[in-house]
Amino acid sequence: PEISQGRLEALLNFQTLVCDLTGLDIANASLLDEATAAAEAMTMARRITKSEAATFFVDQACLPQTIAVIRTRAEPLGWTIVVGDPFMDLEPEEVFGALLQYPGVSGKFHDFSSVIAKLHTVRATAIVAADPLALTLLKPPGEMGADIAVGSMQRFGMPMGYGGPHAAYIAVKDAYKRALPGRLVGVAVDVRGNRAYRLALQTREQHIRREGATSNICTPQVLPP
């Protein structure tokens, strides 16, 4: 992949855009779609969270396909999914993580800073599913204290009729970068002292070390936008 410097530079630009919009430290070079990215974030939350809980909370304002994929992913793992209002129904001490939709499926949005703070008091992980175009105006998830942010990048130029699923983003705090699924593009210096783009932390990839991989559910569809 290091031969494809132009492609890697485009992916790095995508990662940088996502970091700027979400207010988080590091992003990968896209995942398959928003629902899959949310499910990947849930499994990542289980890996990085100290809590012994086996329950995951999902905002009732999440997209229906997101809730469906999360339920499907959680069932064989033996996790319980609770769907409700994060301001009324969330019991932080009973969950290892929570997914909050921003804006919600109705278009309404809330500042989840207080909800995220409560999750952090019991070492639970806060995930925000955010519309990247809305983030050009709204408060970034990182400023709310979110550990992980996910969302669909269809909003950045991929026509709905062009095909799908549409690429998703996932961004995390720097402390969790080694648990981040998918591929990650970084910048190095080659033997001549020139900047060089390359895939970083490649042990995550299935073809490098299958038993050590986190996930290989990613797509190059982020390139057309």
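Preceding this section is the structure that the text describes.
Residues numbered from 1 in each chain as written. Predicted model: local features only at pLDDT ≥ 70, side-chain atom pairs only at ≥ 80, totals over all residues. Heavy atoms only, no water.

Visitor: How should I be thinking about the overall build of the chain in this particular structure?
Guide: The helix and strand tally for the chain stands at five helices and nine strands. In the chain, the succession of helices and strands from N to C terminus is α-β-α-β-α-β-β-α-β-α-β-β-β-β. A total of 225 residues make up the chain; the buried ones form 51% of that total. In the structure as shown, the chain presents an accessible area of about 10,600 Å², 53% of it carried by carbon and sulfur atoms. (Helix = DSSP H or I, 4+ residues; strand = E, 2+ residues; numbered from the N terminus. Buried < 20%, exposed > 50% of the residue type's maximum accessible area, 1.4 Å probe, protein only. Areas by Shrake-Rupley, 256 points an atom, 1.4 Å probe, with all protein chains shown as cover.)

Visitor: I keep staring at a negative patch on the surface and nothing clicks. Help me out?
Guide: Together, Asp89, Glu91, Glu93 and Glu94 line one region of the surface with negative charge. By the secondary structure assignment, aspartate 89 is in the loop between strand S3 (80-84) and strand S4 (97-102). What makes aspartate 89 partly exposed here is its relative accessible area of 40%. (Patch = residues over 30% accessible without salt bridge, like charges linked within 9 Å, V, L, I, M, F, W, Y side chains within 5 Å. Salt bridge = Lys/Arg side-chain N within 4 Å of Asp/Glu carboxyl O. Lys, Arg positive; Asp, Glu negative; His and termini not counted. Charge placed at Lys NZ, Arg CZ, Asp CG, Glu CD.)

Visitor: Explain the pairing of strand S2 (residues 55-59) here, please?
Guide: On a regular strand, each side chain points to the face opposite its neighbour's, so the side chains alternate between the two faces of the sheet. Burial analysis of S2 places five of its five residues in the buried class, which makes it a mostly covered element. Of the two faces of S2, the one lined by Thr55, Phe57 and Asp59 and the one lined by Phe56 and Val58 are each fully buried. Taken together, the five bridges between S2 and S3 define a ladder with parallel strand orientation. Considered in S3, the bridge of phenylalanine 57 is made with valine 82. Since S2 and S3 lie parallel, the crossover through helix H3 (residues 64-74) that links them has a hand, and here it is right-handed. (Pairing = 2+ DSSP bridges. Right-handed = clockwise from strand over helix to strand, strands pointing away.)

Visitor: Mind showing me how you'd approach the nonpolar core here?
Guide: For soluble globular proteins, the rule of thumb is that nonpolar side chains tend to be buried together. In terms of nonpolar packing, the biggest core is built from 30 residues, with Phe56, Ile70, Leu99, Ile148 and Val150 touching the most fellow members. Sorting the residues of this core by element identifies helix H2 (34-48), S2, H3, strand S5 (125-130), strand S6 (148-152) and strand S7 (168-172) as the ones contributing at least two each. The element contributing the most residues to this core is H2, with eight residues. Ignoring anything within four residues of it in the chain, the contact list for valine 150 reads Ala37, Ala38, Ala41, Ile127, Val128, Ala129, Ala130, Tyr169 and Ile170. Membership of the second largest hydrophobic core comes to 29 residues, among which are Val18, Leu100, Tyr102 and Ala134. (Core = buried A, V, L, I, M, F, W, Y, C linked by side-chain atoms within 4.5 Å. Contact = heavy atoms within 4.5 Å.)

Visitor: What's the story with the packing of H2 against H3 in this structure? I'm lost.
Guide: Any two packed helices are characterised by the angle at which their axes cross and by the distance between the axes. Viewed as axis vectors pointing N to C, H2 and H3 meet at an angle of 40 degrees, and their least axial separation amounts to 8 Å. When the axis of H2 is compared with that of H3, the two are oblique. Relative to H3, H2 is oriented so that their crossing is right-handed. Here Glu34, Ala35, Thr36, Ala38, Ala39, Glu40, Met42 and Thr43 of H2 lie close against H3, whose contacting residues are Gln65, Thr66, Val69, Ile70, Arg73 and Ala74. Each residue belonging to the contact of H2 with H3 can be placed in one class, and the counts come to seven nonpolar, four polar and three charged. (Axes fitted to C-alpha atoms, helices over the stretch in contact; angles between N-to-C directions. Parallel < 35°, antiparallel > 145°, perpendicular 65-115°, else oblique. Left-handed = near helix turned anticlockwise from the far one by under 90°. Nonpolar A, V, L, I, M, F, W, Y, C, P; charged D, E, K, R; others polar.)

Visitor: Explain the side chain of threonine 125 here, please?
Guide: For threonine 125, the location among the structural elements is in strand S5. A polar contact of 2.4 Å, which involves the side chain of threonine 125, links it to the side chain of threonine 49. Apart from residues no more than four positions distant in its own chain, threonine 125 is found in contact with Ala45, Ile48, Thr49, Phe96, Gly97, Ala98, Leu119, Asp147 and Ile148. (Polar contact = N/O pair within 3.5 Å; in protein donor to acceptor, adjacent residues only side chain to side chain.)

Visitor: For this particular structure, what's the right way to read the sheet that holds S3?
Guide: Hydrogen bonds along the backbone pair up the strands of a sheet, which may run parallel or antiparallel. In spatial order, the strands read S1-S7-S6-S5-S4-S2-S3; together these seven strands make up an open sheet with mixed pairing. Of all strands in the sheet, those bounded by a partner on one side alone are strand S1 (26-27) and S3. Pairing of S5 with S6 involves three bridges; the strand directions are parallel. Bridge pairing in S6 places alanine 129 opposite valine 150.

Visitor: Could you clarify how one ought to interpret the pairing of strand S9 (residues 195-200) in this entry?
Guide: Across six bridges, the pairing between strand S8 (residues 184-189) and S9 is antiparallel. Within the sheet, the bridge partner assigned to valine 185 lies in S9 and is leucine 199. Counting the residues in the hairpin turn of S8 and S9 gives five residues, including glycine 193, whose phi is positive at 85 degrees.

Visitor: Explain helix H1 (residues 5-22) here, please?
Guide: Turn by turn, an α-helix covers 3.6 residues, leaving residues three or four places apart pointing in a common direction. Over its 18 residues, H1 extends 26 Å from the first C-alpha to the last, a length consistent with the 26 Å expected when each residue adds 1.5 Å. Of the residues making up H1, those classed as buried are Leu8, Leu11, Leu12, Phe14, Gln15, Val18, Cys19, Leu21 and Thr22. The elements touched by buried residues of H1 are S1, helix H5 (141-144), S6, S7, S8 and S9. Of the residues trailing H1, glycine 23 is marked for its positive phi of about 75 degrees. (Expected span 1.5 Å × (residues − 1).)

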